[in-house]
Amino acid sequence: MKCRNNVRRIREERLMSKAELARLAGVSPATIERIERGEECRMETKRKILLALGFSLSEREQVFLN
């Protein structure tokens, strides 16, 4: 099942590279690549990405749609 999200759109709007987002989130660039393709990830990884993009946990629906 695909995990719909806006990670790529938001990252590009903020002019961030995948490597930069990965560094800020404390995950690998390969993880960012997989998430942007819509693959599943752990809740902890979603939390790290939300915070690295500047969102609060309560704003998660703006990034991760399902």
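Residues numbered from 1 in each chain as written. Predicted model: local features only at pLDDT ≥ 70, side-chain atom pairs only at ≥ 80, totals over all residues. Heavy atoms only, no water.

Novice: Summarise the packing of helix α2 (residues 18-25) against helix α4 (residues 43-52); cite the residues concerned and give the values.
Specialist: Between two packed helices, what matters for the description is the angle formed by their axes and the separation of those axes. Running from N to C, α2 and α4 point in directions that differ by 110 degrees, and their axes come no closer than 8 Å. Our classification of the angle between α2 and α4 gives roughly perpendicular. For the element pair α2 and α4, the recorded crossing hand is right-handed. Of the residues in α4, those touching α2 at Leu21, Leu24 and Ala25 are Lys48, Ile49 and Ala52. Taken together, the residues of the contact of α2 with α4 sort by class into five nonpolar, no polar and one charged. (Axes fitted to C-alpha atoms, helices over the stretch in contact; angles between N-to-C directions. Helix = DSSP H or I, 4+ residues; strand = E, 2+ residues; numbered from the N terminus. Parallel < 35°, antiparallel > 145°, perpendicular 65-115°, else oblique. Left-handed = near helix turned anticlockwise from the far one by under 90°. Contact = heavy atoms within 4.5 Å. Nonpolar A, V, L, I, M, F, W, Y, C, P; charged D, E, K, R; others polar.)

Novice: Mind laying out the packing of α2 against helix α3 (residues 29-36), listing which residues take part and the relevant values?
Specialist: Interaxial distance between α2 and α3 falls to 8 Å at its minimum, and their mutual angle equals 110 degrees. When the axis of α2 is compared with that of α3, the two are roughly perpendicular. Residues Lys18, Ala19, Leu21 and Ala22 of α2 form the contact with α3, whose own contacting residues are Pro29, Ile32, Glu33 and Glu36.

Novice: Describe in detail the layout of surface pockets, supporting the description with residues and values.
Specialist: Here the largest pocket is characterised by a volume of approximately 190 Å³. Lining the largest pocket we find Met43, Lys46, Arg47, Leu50, Leu57, Arg60, Glu61, Phe64, Leu65 and Asn66. In terms of residue class, the lining of the largest pocket is made up of five nonpolar, one polar and four charged. (1 Å grid on protein atoms, 1.4 Å probe; cavity = no way out; pocket = protein on both sides within 12 Å on 5 of 7 lines; lining within 4 Å. Points joined across faces, edges and corners; volume = space filled by probe spheres on them.)

Novice: How would you sum up the side chain of Arg11? Please name residues and give values.
Specialist: Tracing the backbone shows Arg11 in helix α1 (residues 7-13). Engagement of the side chain of Arg11 in a polar contact is seen with the backbone oxygen of Met16, the distance being 2.9 Å. (Polar contact = N/O pair within 3.5 Å; in protein donor to acceptor, adjacent residues only side chain to side chain.)

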